[in-house]
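Now for the letters of each chain:
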Amino acid sequence: MAQIVGERVQKGDAIVDYEDKVFDDIQAEQGEKAYIFMHTVPFEGSVGLVNMLTATRVNRKGFDTSIVLFGPGSLMASATRGYPRVGDEAFPGGLGYNNQLNTFMGEGGHVYACRFSAAMLYGMREVDMLEGVKPINPLDVLDAQLTARREGALVMQTWTV
């Protein structure tokens with residue numbers, strides 16, 4: 001049997017070197033843009049929330065940042081989430097998507113959500129989306145990608161099913 005040697009860690013102890021940063025802290029140059037495309041199921045893993053946190057960080061670095069939600073990702077923009085009433089957080093993190101998208105938009109980020117996936121696949125109306133989210137035509141998902149290419153923007157894409 002293996003024997004674990006050492007002292008028990010205490011709350012607040014660092015167990016890795018958080019101070020060692022390898023890459024330069026890049027900030028956006030004037031006019032640089034970023035697009036984060038998400039086709040991911042809310043609450044089926046950490047992908048959606050991690051991408052929102054990353055989008056927020058990219059936005060704070062000065063990039064004009066847009067999140068494009070499509071497929072099941074459009075559900076992340078739901079303003080009708082909550083239990084037992086809309087806006088009630090039934091468990092810690094239950095409104096994490098709403099809170100992070102609101103933080104992102106409050107700091108100048110842009111959020112777009114596909115009308116087709118919202119309505120056809122999930123029965124979510126445009127009025128059911130968070131205030132500030134711009135509903136888009138499903139054809140805009142590809143054109144947003146092509147726009148990002150033409151602009152030379154940073155592009156991050158996540159597909160999960």
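Refer to the structure printed above.
In this text, all values refer to a predicted model and were calculated from it rather than measured experimentally.

**Q** I'd like a rundown of the environment of T160, residues and numbers included.
**A** Within the secondary structure, T160 sits in the segment after β5 (154-159). Its relative accessible area of 24% is what places T160 among the partly exposed residues. Along the sequence, T160 and R57 sit 103 residues apart, while their C-alpha atoms lie 22 Å from each other. Among all residues touching T160, those that are not within four sequence positions of it are H39, T40, V41 and V47.

**Q** Give me the lowdown on unusual backbone geometry, citing residues and values where you can.
**A** The omega angle of the peptide bond from Y83 to P84 is 5°, so this bond is cis rather than trans. Checked against the element boundaries, P84 lands in the loop between β2 (64-69) and α2 (96-106). Its identity is not glycine, yet F43 carries a phi of approximately 70°, on the positive side. Relative to the helices and strands, F43 resides in the loop between β1 (33-39) and α1 (47-60). The class of F43 is partly exposed, set by a relative accessible area of 40%.

**Q** Talk me through the nonpolar core; I want residue IDs and the actual numbers.
**A** Judged by nonpolar contacts, the single largest core of 22 residues is most densely connected at I67, L69, L101, V111 and V133. If you list the elements that add at least two residues to this core, you get β1, α1, β2, α2 and β3 (110-114). Tallying contributions element by element places α2 first for this core, with four residues. Contact partners of I67, with chain neighbours within four places excluded, come to I36, M38, M52, A55, L101, F104, H110, V111 and Y112. Residues Y35, F70, I136 and A144 belong to the second largest nonpolar core, which totals ten residues.

**Q** Lay out the side chain of S78 with the relevant residues and their values.
**A** Positionally, S78 belongs in the loop between β2 and α2. Side-chain polar atoms of S78 contact the side chain of T80, separated by 3.0 Å. Those residues within four positions of S78 in sequence are excluded, and the remaining contacts are N98, M124, D128 and L130.

**Q** Lay out the pairing of β1 in plain terms, naming residues and giving numbers.
**A** In terms of burial, β1 is largely enclosed, as six of its seven residues are buried. Examined bridge by bridge, β1 and β2 share six bridges and lie parallel to one another. Of the residues in β2, the one forming a bridge with A34 is T65. Note: β1 against β5, six bridges, orientation parallel. Paired with A34 across the two strands is L154, which belongs to β5.

Analysis parameters
Residues numbered from 1 in each chain as written. Predicted model: local features only at pLDDT ≥ 70, side-chain atom pairs only at ≥ 80, totals over all residues. Heavy atoms only, no water. Helix = DSSP H or I, 4+ residues; strand = E, 2+ residues; numbered from the N terminus. Buried < 20%, exposed > 50% of the residue type's maximum accessible area, 1.4 Å probe, protein only. Contact = heavy atoms within 4.5 Å. Core = buried A, V, L, I, M, F, W, Y, C linked by side-chain atoms within 4.5 Å. Polar contact = N/O pair within 3.5 Å; in protein donor to acceptor, adjacent residues only side chain to side chain. Pairing = 2+ DSSP bridges.

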